[in-house]
Amino acid sequence: GHSATTLKQGWFPTMRRTLGILEKIYRVLEMSTFQGLAQEAVDLCITSLKAASLGLARRYIPATNLSPALVTLTQAMDSQLFLVRHLLTLREHIAAFECDLV
């Protein structure tokens, strides 16, 4: 529905594509085949999310009145929150496939 589309728009592109592809192949492939492909896709998605998280931690924050320590803390918190949010969402959606992945 509309709310599901809106929710997916907030996802990192790699995760949106990974889950979209897994949803399409889930009912088409045998479970053993699906599970192997899904595990590889999820592993690559997690690697991508970790890289994006590191990018957030290193990103430039325009001049503000924050001290350098607060800028560093902000970068680290943004990075960690991004990763936690996406990993929890990924885990929640993978549970629907009824197989052991993460």
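Along each chain, residues carry numbers from 1 onward, in the same order as the chain's sequence is written. In keeping with the model being predicted, local features are shown solely for residues with a pLDDT of at least 70 and side-chain atom pairs are shown and tallied solely at 80 or more, while totals for entire chains, interfaces and linings include all residues. The side-chain numbers reported here are obtained from all heavy atoms of the structure, hydrogens and water having been left aside.

**Structural notes on the environment of Leu83**
Moving on, step 1. Numbering of helices and strands runs from the N terminus; a helix is a DSSP stretch of H or I covering at least four residues, while a strand is a stretch of E covering at least two. Structurally, Leu83 is set in helix H4 (residues 68-95).
Moving on, step 2. Each C-alpha atom, one on Leu83 and one on Leu54, is 9.3 Å from the other, the two residues being 29 residues apart in sequence.
Moving on, step 3. In this description, contact between two residues means that some pair of their heavy atoms is separated by no more than 4.5 Å. Not counting residues within four places of it along the chain, the set of residues in contact with Leu83 comprises Leu49, Lys50 and Ser53.

**Description of the nonpolar core**
Moving on, step 1. We call a set of buried Ala, Val, Leu, Ile, Met, Phe, Trp, Tyr and Cys residues a nonpolar core when their side-chain atoms join them within 4.5 Å. Using a 1.4 Å probe on the protein chains alone, a residue whose accessible area is under 20% of its type maximum counts as buried, one over 50% counts as exposed, and one in between counts as partly exposed. Core analysis: the biggest nonpolar cluster contains 18 residues, and Met15, Leu19, Phe34, Leu49, Leu90 and Phe97 have the highest contact counts within it.
Moving on, step 2. Listing elements by their share of this core, those giving two or more residues are helix H2 (13-25), helix H3 (31-58) and H4.
Moving on, step 3. It is H3 that contributes the most residues to this core, seven residues altogether.
Moving on, step 4. When residues no more than four places from it in sequence are discounted, the contact partners of Leu90 are Met15, Leu19, Val42, Cys45, Ile46 and Leu49.

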